[in-house]
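Topology and contacts: notes
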Amino acid sequence: EDRPAREALNTYSQAGELAGSIGHVACKAEAMFGLARCLIGEGKLDEGTEVLRAAAELVPAAAHGSLRLKCELGLAMAAHGSEELEAAMARYRAVARAARSADLRWILATALAGTGATQLHTAEEGAAHATWEDAQAVAQGVSPLLSELTARSISRCRESLCSPPW
């Protein structure tokens with residue numbers, strides 16, 4: 001197991017425990033979302049999905065929409081990692097529509113990167129490249145860091161059928 005991944009898992013676990021101990025539900029859900037993404041990225045799909053479902057249950061109905069969308073994005077990533085490409089594509093697209101509507105550009109860029117990956121691996125290569133261009137444009141409008149992360153996510157998705165974006 002590589003050290004940065006292990007450190008990220010530990011950090012998110014500790015953050016979730018601390019947030020829970022002080023009763024900060026939104027922070028606990030955010031930490032759980034980060035933990036789930038790390039688990040999914042390592043191929044621990046069942047464990048990551050379980051954490052996402054638990055995080056979604058914590059999020060109150062009146063919470064900021066980004067928390068719910070992050071959980072939905074994580075479930076899309078888990079479906080992608082399980083090679084359930086049609087289900088993943090539907091989830092990514094739903095998240096992208098909602099994120100675009102709410103101007104949640106980090107979530108939008110990631111959902112578009114995932115949509116492009118599922119398009120590529122379902123023989124929609126032209127659509128995949130157009131979607132990835134959209135993802136990069138959104139990311140560039142946010143920050144150089146998001147642009148770099150999106151480019152790396154797209155590269156990772158191109159390499160492997162079951163590699164969801166980061």
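As shown above, the structure is provided for reference.
Residues numbered from 1 in each chain as written. Predicted model: local features only at pLDDT ≥ 70, side-chain atom pairs only at ≥ 80, totals over all residues. Heavy atoms only, no water.

Across its full length, the protein chain carries 8 helices and 0 strands. The order of α-helices and β-strands along the protein chain, N terminus first, is α-α-α-α-α-α-α-α. In summary, the protein chain has a C-alpha radius of gyration of 15 Å against a globular reference of 15 Å for 166 residues, a match within 12%. Based on the C-alpha atoms only, the size of the protein chain along its principal axes is roughly 50 × 35 × 30 Å. Taken across its 166 residues, the protein chain has 45% of its residues classed as buried. Of the contacts formed within the protein chain by residues at least 6 apart in sequence, a portion of 53% connects residues at least 24 apart. (Helix = DSSP H or I, 4+ residues; strand = E, 2+ residues; numbered from the N terminus. Rg over C-alpha atoms; globule rule 2.2 N^0.38 Å. Buried < 20%, exposed > 50% of the residue type's maximum accessible area, 1.4 Å probe, protein only. Contact = heavy atoms within 4.5 Å.)

The subject of this paragraph is helix H4 (residues 65–81). Between the first and last C-alpha of H4 there are 24 Å, a value that for 17 residues agrees with the 24 Å anticipated at 1.5 Å per step. The buried fraction of H4 amounts to 14 of the 17 residues, a majority that puts the element mostly inside the structure. (Expected span 1.5 Å × (residues − 1).)

Evaluated as defined, the whole model comprises 1 aromatic pair. A ring pair is formed by Phe33 and Trp106, whose centres lie 6.4 Å apart and whose planes are at 85 degrees; its orientation type is edge-to-face. You can see Phe33 sitting in helix H2 (residues 25–41) and its partner Trp106 sitting in helix H6 (residues 105–120), a full 73 residues away along the chain. On the basis of relative accessibility, which here comes to 5%, the residue Phe33 falls in the buried class. Under the relative-accessibility criterion, Trp106 is labelled partly exposed at 29%. (Phe/Tyr/Trp six-rings, centres within 6.5 Å; stacked < 30°, edge-to-face > 60°.)

This next bit is on helix H7 (residues 125–140). An ideal rise of 1.5 Å per residue puts 22 Å on 16 residues; H7 measures up with 22 Å between its terminal C-alpha atoms. When we look at burial in H7, the residues that qualify are Ala128, Thr131, Trp132, Ala135, Gln136, Val138 and Ala139. Down the axis of H7, the sector holding all buried residues measures 160 degrees, keeping them to one side. Looking at H7, the residues exposed on the side facing more than 90 degrees away from the buried face are Gly126, Glu133 and Gln140. On the buried face of H7, the contacting elements are H6 and helix H8 (144–159). (Arc of directions from axis to C-beta.)

Our focus in this paragraph is the nonpolar core. Counting residues in each nonpolar core, the largest one holds 40 residues, and the members touching the most others are Leu73 and Ile107. When contributions to this core are tallied by element, the ones reaching two or more residues are H2, helix H3 (45–58), H4, helix H5 (85–102), H6, H7 and H8. Element by element, the count of residues in this core is highest for H4, at 8 residues. Setting aside anything within four residues of it in sequence, one finds Ile107 in contact with Ser66, Leu69, Lys70, Leu73, Val95 and Ala99. (Core = buried A, V, L, I, M, F, W, Y, C linked by side-chain atoms within 4.5 Å.)

Moving on, we come to the packing of H4 against H6. Two elements in contact, H4 and H6, have axes whose closest approach is 11 Å; the angle formed by their N-to-C orientations is 20 degrees. Here H4 lies roughly parallel to H6, going by the angle between them. Both H4 and H6 take part in a crossing whose hand is left-handed. Between H4 and H6, the contacting residues are Ser66, Leu69, Lys70, Leu73 and His80 on the first element and Trp106, Ile107, Thr110, Ala111, Gly114, Ala117 and Thr118 on the second. In terms of residue class, the contact of H4 with H6 is built from 6 nonpolar, 5 polar and 1 charged. (Axes fitted to C-alpha atoms, helices over the stretch in contact; angles between N-to-C directions. Parallel < 35°, antiparallel > 145°, perpendicular 65-115°, else oblique. Left-handed = near helix turned anticlockwise from the far one by under 90°. Nonpolar A, V, L, I, M, F, W, Y, C, P; charged D, E, K, R; others polar.)

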